[in-house]
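Below, each chain spelled out in residue letters.
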Amino acid sequence: MHGPGRNARAFFVERRKARTRGKRKKEVGEIAAQGFRLNEKITCPECRLISYDGEQLGIYPIADARRIAMNAGLDLVEIAPNSNPPVCRIMDYGKYKYEQAIKQKQARKKQSKIEIKEMKFRPKIDVGDYNTKKKHVERFLAAGSKVKITIMFRGREMAHPDQGLGILERLAEDLKDQAVIENQPKMEGRNMHMLIAPLPANVQKKKAEKKATEEKGKEE
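As the structure is a computational prediction, the values presented were derived from the model and not from experiment.

(A) Representation of the pairing of strand β3 (residues 56–61) within the structure. As judged from the five bridges shared by strand β2 (residues 46–50) and β3, these two strands associate in the antiparallel manner. Residue pairing in the sheet places Cys47 in a bridge with Tyr60 of β3. What sits between the antiparallel neighbours β2 and β3 is a turn of five residues, in which Gly54 has the positive phi angle 90 degrees.

Given below as structure tokens:
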């Protein structure tokens, strides 16, 4: 009585397995193009085989190694083709590649994206405005951003680019413990630009320590 039911269940189980094998074969084929040779793409006559758990199994004919991997529902991956004989490992390569992709994605997220901010000055800027803008620049640098400093010239001011250059040189001197000039002052149309970048934290720390030591020496 239970025979037909069991046969039907067995049929659907095998059908699902076949679909899974077909899907895995497609995924493995796509993965193979990216690096290691897998399964039937491995052409060496024999290999040193490593199990799924990392156990050294010894030297096997490649057909036997492939059969062991297939029976476990896993892949045979040639991880050291230049060894004699080549080293192959039994693994779920699709899962391995997926995990590697996740790790790479997480690593990219951790990398800080460097922003470029801009601060505009006039050649005849007064002391109060200069100090206010300088504080904004310091805040940008502290946040890890690069800062494009722009001097805007109008009318007859174009005849005195040295005034704008003086502002940039003054700012570079004021920020020497926090920033480095990445792009030297350059005139473009009616504007003069300079790009500064924050100093690495270790360099800033050394400069701050040196400055503190010098100030302490003056007090003594």
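Further notes follow.
(B) Expanded view of the packing of aromatic side chains. Counted according to the given criterion, the structure contains three aromatic pairs. Where Tyr93 meets Tyr96, the ring centres are 5.4 Å apart and the plane angle is 20 degrees; that geometry is what we call stacked. Placement of the pair is Tyr93 and Tyr96 together in helix α3 (residues 93–110), with a separation of three residues, close to one helical turn. Tyr93 sits in the buried class, given a relative accessible area of 2%. Residue Tyr96 is classed as partly exposed on the basis of its relative accessible area of 30%. With centroids separated by 6.0 Å and ring planes inclined at 55 degrees, the aromatic side chains of Phe121 and Tyr130 adopt a geometry described as tilted. Neither Phe121 nor Tyr130 differs from the other in exposure class; each is buried. Every member of this aromatic cluster is reached through a ring pair, and the members are Phe36, Tyr93 and Tyr96. The positively charged end of Lys133 is found above the aromatic ring belonging to Phe121, 6.0 Å away from the centroid. The ring of Tyr130 carries Arg170 above its face, with NZ or CZ at 3.7 Å from the centroid.

Criteria and thresholds
- Residues numbered from 1 in each chain as written.
- Predicted model: local features only at pLDDT ≥ 70, side-chain atom pairs only at ≥ 80, totals over all residues.
- Heavy atoms only, no water.
- Pairing = 2+ DSSP bridges.
- Helix = DSSP H or I, 4+ residues; strand = E, 2+ residues; numbered from the N terminus.
- Phe/Tyr/Trp six-rings, centres within 6.5 Å; stacked < 30°, edge-to-face > 60°.
- Buried < 20%, exposed > 50% of the residue type's maximum accessible area, 1.4 Å probe, protein only.
- Lys NZ or Arg CZ within 6 Å of the ring centre and 35° of its normal.

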